[in-house]
Amino acid sequence: MTDRLLTWTLGAATLVVVSLIAVIAVFLLNESLDTLNRVGLGRFFSDSGWSPTMGRFNILPMIVASVLLMAGAVIVAAPLAVLTAVFLRFYAPSPVVDTGRRIIEVLAAMPSVVYGLWGLVVLVPVIAAWQQPGASLMAGILVLSLMIFPTITIVVHSGLTAMPQRYIEASLALALNRAYMVRRVVLPAIRASIAAGVTLGAARAIGETMAVMMVTGNIVAVPGDLFDPVRALTSNIALEMAYALGDHRGALYISSLLLLAVVILLVLINEFIVSNKCEY
Amino acid sequence: MKCLFACGRITVLALVAYWIGFGSSHAGENLRLLATGSSTVAPVMAELARKYEQAHPGARIDVQTGGSSRGIADMINGLCDMGMVSRDLKPSERVLHAYTIAHDGIAVITHRDNPIDVLDRARLIEIYRGEVRDWGDVGGAAGVPIVVVNKAAGRSTLELFLHYLDLSPDQVHSDIIIGDNQQGLKTVAGNRSGIGYVSIGAALHAQQEGVPIKLLTLEGAEPTIANVTAGNYPITRPLNIVTRKPAQGAVSELLAFIHSDEGASVIESLNFVPVR
């Protein structure tokens, strides 16, 4: 009887969450449709620029910026995070493991605006002293990688802790050295955890708004190099939603819809990697 | 166990006392107002609200920013009780009622270490059009690139500044686009070759707090409260509270407080010019 009660409670909770996501998606779609019909999807990629109050709706530079920011942050943070997790699991002495893990948990829970403020006041001036104007794609990537590094580390570390002990015992029995064991046994075995960590990190990176808005300079243009300012889709929504009307507002809803699509795509890719893990 | 029991009783007594006190002193006075809009007006409004709340227990005034356009849009959509707008109303917005609470100007700012002290309007136009890209060309350090800091669209500080320079948003070449005043101040404070523009009140306040910025003299007039008051400074503007209907009840009481001597001293302490 209690089991059935639990099943229903859990089912109801799941249903609420799932339908909330559906409601949000339908809302975004509904708000976008008018503009999509009037302006047409093509113009969001082919107009001569982004000045929605004058009827120009090209969001391509901002899509490029968001994707570059996300990819850059993952490229910087993911290897560091995996190495840190492996170090904490197999190499670090136990007092270091405990404090290290705790510090990383605090970092993961830190509000993003704190990272943004630090980026604006400390990181951007340092970059500006080297390459003007400082507020740039580079600054965004660095702040984002700092933000997602703890998330990925925690997920990968959990994967390492949950890994079957017999893999390690078998490696020891074969007299493999630790480095070899990590490379050929451990890392392949936790591929799914790494994928999950990277997906979480990437989703956080592409969805981040405040921290990115504070350090990237917010110029709508495809960056020529790492030191050019960029505007992410999220920053654009935050900067303009407050006063946007009509098709301008619709265009911002379409940006939100795009972001949602990217996150769904990320989850699907993760799913694909996880479902292929039985090769090992 | 005994102690636990005693402590429990004390807590209950305290709660009862609190409730009785709460009931008597706050009876019939439970007021909440929401103000949204300009990030220039917001700090003034927040400070005025704090003082007003102290004098009127039970009153609560929430202040949210998002730019003057948000203040207007929220007011028209009935999402707030007061819209904060740091400019005159446009003809299309005249359906709203505006109450000027203070005057402010827009200051052109650079990093404190920038050797430039004075810029004229023609040089500013060249800088904001991107025709001059080196501080050396306007009398500053040669070889140092000018980093133009501009405001995001929908901000009245941007509209007024571009109106003064007679430029359209499309003509401006900017290197960094910022949202509110605070981000502008921090950006210029962190970049030795930056130039930006913010509310005079906000800039003077930041300078007093030790933020390394410099306010440039424009057309021979220093951006000071005295010059804004006397009307000598070229870019000035009213800070307005807008409402849909003529102010009444709580809002008009708050406005009366803002226009009182006490309100004026709050406004002066934040480097704005009070209206009496």
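From a predicted model like this one, the values you see are computed outputs, not experimental measurements. For every chain, the first residue of the written sequence is number 1, and numbering continues from 1 along that sequence. Whichever chain is written first is A, and whichever ligand is written first is 1; the rest continue in order. Where totals are concerned, whole chains, interfaces and linings use all residues; where local detail is concerned, this predicted model gives features only for residues with pLDDT of at least 70, and gives and counts side-chain atom pairs only at 80 or more. Side-chain measures were taken over the full set of non-hydrogen atoms in the model, leaving aside hydrogen atoms and water.

Draft legend 1. A look at the overall build of chain A. Each helix and strand counted, chain A has twelve helices and two strands in total. Only DSSP runs of H or I covering at least 4 residues are called helices, and only runs of E covering at least 2 are called strands; the numbering of each starts at the N terminus. Along chain A, helices (α) and strands (β) appear in the sequence α-α-β-β-α-α-α-α-α-α-α-α-α-α when read from the amino end. With respect to the principal axes defined by its C-alpha atoms, chain A has extents near 70 × 65 × 30 Å. By the burial criterion, 44% of the 280 residues in chain A qualify as buried. Of all intrachain contacts in chain A linking residues separated by at least 6 positions in sequence, the fraction that spans at least 24 positions is 73%. Note on areas: Shrake-Rupley with a 1.4 Å probe; residue coverage comes only from the protein chains shown. Put simply, chain A shows about 14300 Å² of open surface, and 71% of that area lies on carbon and sulfur atoms. Here the positive residues are Lys and Arg and the negative ones are Asp and Glu; neither His nor the chain ends is included. Note that the charge is assigned to NZ on lysines, CZ on arginines, CG on aspartates and CD on glutamates. Separation between the mean location of the 16 positive side-chain charges and that of the 14 negative ones in chain A comes to 8 Å. Buried, partly exposed and exposed residues are distinguished by accessible area as a fraction of the type maximum, computed with a 1.4 Å probe on protein chains only: under 20%, between the cut-offs, and over 50%, respectively. Contacts: residue pairs with any heavy atoms within 4.5 Å of one another.

Draft legend 2. Representation of helix α1 (residues 2-39) of chain A. All names here are of chain A. An expected span of 1.5 Å times one less than the residue number is assigned to each helix. When the terminal C-alpha atoms of α1 are compared, their 55 Å separation across 38 residues agrees well with the 56 Å that a helix rising 1.5 Å per residue should span. Bend is the name given here to the angle between axes fitted to two runs of seven residues, the run ending at a residue and the run starting at it. Along α1, the largest kink reaches about 35° and is centred on S32. Among the residues making up α1, those that are buried are L28, S32, T35 and V39. Against the buried residues of α1 lie α2 (43-46), β2 (56-57) and α12 (246-275). Directly after α1, the chain includes G40, whose backbone phi takes a positive value near 85°.

Draft legend 3. Structural view of the side chain of A:S136. Residue and element names in this part refer to chain A. Assignment of secondary structure puts S136 in the loop between α5 (112-130) and α6 (137-162). We classify S136 as buried; its relative accessible area is 0%. Look past the residues within four positions of S136 in its chain and what remains in contact with it is I127, V215, T216, L226, F227, D228 and P229.

Draft legend 4. How the structure looks around the packing of helix α2 (residues 41-55) of chain B against helix α10 (residues 261-269) of chain B. Residue and element names in this part refer to chain B. Axis definition: a line fitted to C-alpha atoms, limited for helices to the stretch in contact. Angles are taken between N-to-C directions and run from 0 to 180 degrees. As a packed pair, α2 and α10 sit with axes 10 Å apart at the nearest point and diverge in direction by 140°. By the angle class used here, α2 and α10 are oblique. You can see that α2 and α10 cross each other, and the crossing is right-handed. Packed against α2, whose contacting residues are V44, E47, L48 and K51, the element α10 presents E262, G263, V266 and I267 at the interface. Angles below 35 degrees are treated as roughly parallel, those above 145 as roughly antiparallel, those between 65 and 115 as roughly perpendicular, and all remaining angles as oblique. The handedness criterion is simple: a crossing whose near helix is rotated anticlockwise from the far helix by less than a right angle is left-handed, and one whose near helix is rotated clockwise is right-handed.

Draft legend 5. Structural context of the interface of chain A and chain B. Contacts between the two partners involve 21 residues from chain A and, on the opposite side, 21 residues from chain B. Take the accessible area each of two parts loses on contact, using a 1.4 Å probe, and add the two losses: that sum is the buried area. Between chain A and chain B the total buried area reaches about 1600 Å² when both faces are included, carbon and sulfur atoms providing 63% of it. The term salt bridge refers to a pairing of a side-chain nitrogen on Lys or Arg with a carboxyl oxygen on Asp or Glu at a separation within 4 Å. Taken together, chain A and chain B are joined by one salt bridge. Across the pair B:D170 and A:R56 runs a salt bridge, and its minimum N-O distance is 3.4 Å. Whenever two N or O atoms come within 3.5 Å, that pair is a polar contact, provided that in protein one can donate a hydrogen and the other can accept it, and provided that, for residues adjacent in sequence, both atoms are side-chain atoms. Counting across the interface, chain A meets chain B through seven residue pairs in polar contact (both at pLDDT 80 or more). Counting residues per element, the side of chain A that touches chain B draws most heavily on α5(A), which supplies five residues. Considered class by class, the residues forming the side of chain A that touches chain B number 15 nonpolar, four polar and two charged. In this count, Pro and Cys sit with the nonpolar residues alongside Ala, Val, Leu, Ile, Met, Phe, Trp and Tyr, while Asp, Glu, Lys and Arg are called charged and the others, Gly among them, polar.

Draft legend 6. Examining the packing of aromatic side chains more closely. Residue and element names in this part refer to chain A. Pairing of aromatic rings covers Phe, Tyr and Trp, the last through its six-membered ring, and needs centres within 6.5 Å; plane angles under 30 degrees mean stacked, over 60 mean edge-to-face, and all others mean tilted. For the structure on display, the rule yields seven aromatic pairs over all chains. Ring geometry for W130 against F227: centres 5.0 Å apart, planes inclined by 75°, an arrangement best described as edge-to-face. Here the residue W130 occupies a position in helix α5, and F227 occupies one in the loop between α10 (210-215) and α11 (233-240), the gap between them amounting to 97 residues. Using a relative accessible area of 59% as the deciding quantity, one classes W130 as exposed.

Draft legend 7. Focus on the side chain of A:S193. Residues and elements named next belong to chain A. Assignment of secondary structure puts S193 in helix α9 (residues 191-207). Residue class for S193 comes out buried when judged on its relative accessible area of 18%. Sequence-distant contacts of S193, that is, excluding residues within four places in its chain, are made with V155, V156 and G159.

Draft legend 8. Just a nonpolar patch on the surface, in detail. Excluding any residue in a salt bridge, patches collect residues exceeding 30% relative accessible area, merging like charges within 9 Å and nonpolar Val, Leu, Ile, Met, Phe, Trp and Tyr side chains within 5 Å. On the surface, a cluster of nonpolar side chains totalling about 510 Å² of accessible area is made up of A:L117, A:W118, A:V121, A:V122, A:V126 and A:L146. Here the element with the most residues in the nonpolar patch is α5(A); it accounts for five residues.

Draft legend 9. A look at the nonpolar core. Only buried residues count toward a nonpolar core, which is a set of Ala, Val, Leu, Ile, Met, Phe, Trp, Tyr and Cys residues joined through side-chain atoms within 4.5 Å. With 113 residues, the main nonpolar core has B:I109, B:L124, B:Y128, B:F161, B:I195 and B:I213 as its most contacted residues. For this core, the element with the most residues is helix α3 (residues 60-91) of chain A, which contributes 14 residues. Setting aside anything within four residues of it in sequence, one finds B:F161 in contact with B:I106, B:V108, B:L124, B:Y128, B:Y197 and B:I235. B:V41, B:M84, B:L239 and B:A250 belong to the second-largest nonpolar core, a separate cluster that totals 27 residues.

Draft legend 10. Structural detail: unusual backbone geometry. Residues and elements named next belong to chain A. That bond from Q132 to P133 is cis: its omega, 0°, falls within 30 degrees of zero. The topology assignment puts P133 in the loop between α5 and α6. Notably, A175 is not glycine yet its phi reads approximately 60°, a positive angle. The phi torsion at N218 lies on the positive side, around 60°, for a residue other than glycine.

Draft legend 11. Structural detail: the layout of surface pockets. Buriedness of a pocket was judged along seven lines, with at least five required to meet protein on both sides within 12 Å; pockets are open sets of points on a 1 Å grid over the protein atoms alone, cavities are sets where a 1.4 Å probe fits but cannot get out, and lining residues have an atom within 4 Å of a point. Grid points are joined across faces, edges and corners, and a volume is the space filled by probe spheres set on the points. Its boundaries defined by the atoms lining it, the largest pocket holds a volume of some 1100 Å³. Around the largest pocket sit 41 residues that line it, and A:T53, A:Y243, B:A153, B:L158 and B:P169 are the ones nearest its centre. Elements supplying a minimum of two residues to the lining of the largest pocket: β1 (50-51) of chain A together with α3 (68-76), β6 (147-151) and α5 (156-165) of chain B. Here the lining of the largest pocket takes four residues from α3(B), the largest share from any one element.

Draft legend 12. Representation of the confidence of the model for chain B. All names here are of chain B. Confidence along chain B averages 84 in pLDDT terms, with 89% of residues attaining 70 or more. Confidence per residue, as judged by the predictor, is encoded in pLDDT with a range of 0 to 100. Counted against residues more than four places away or in other chains, residues 1-28, with its pLDDT under 50, gives two contacts. The ipTM, which scores confidence in the relative placement of chains, is 0.75 for this predicted complex, and the corresponding pTM is 0.77.

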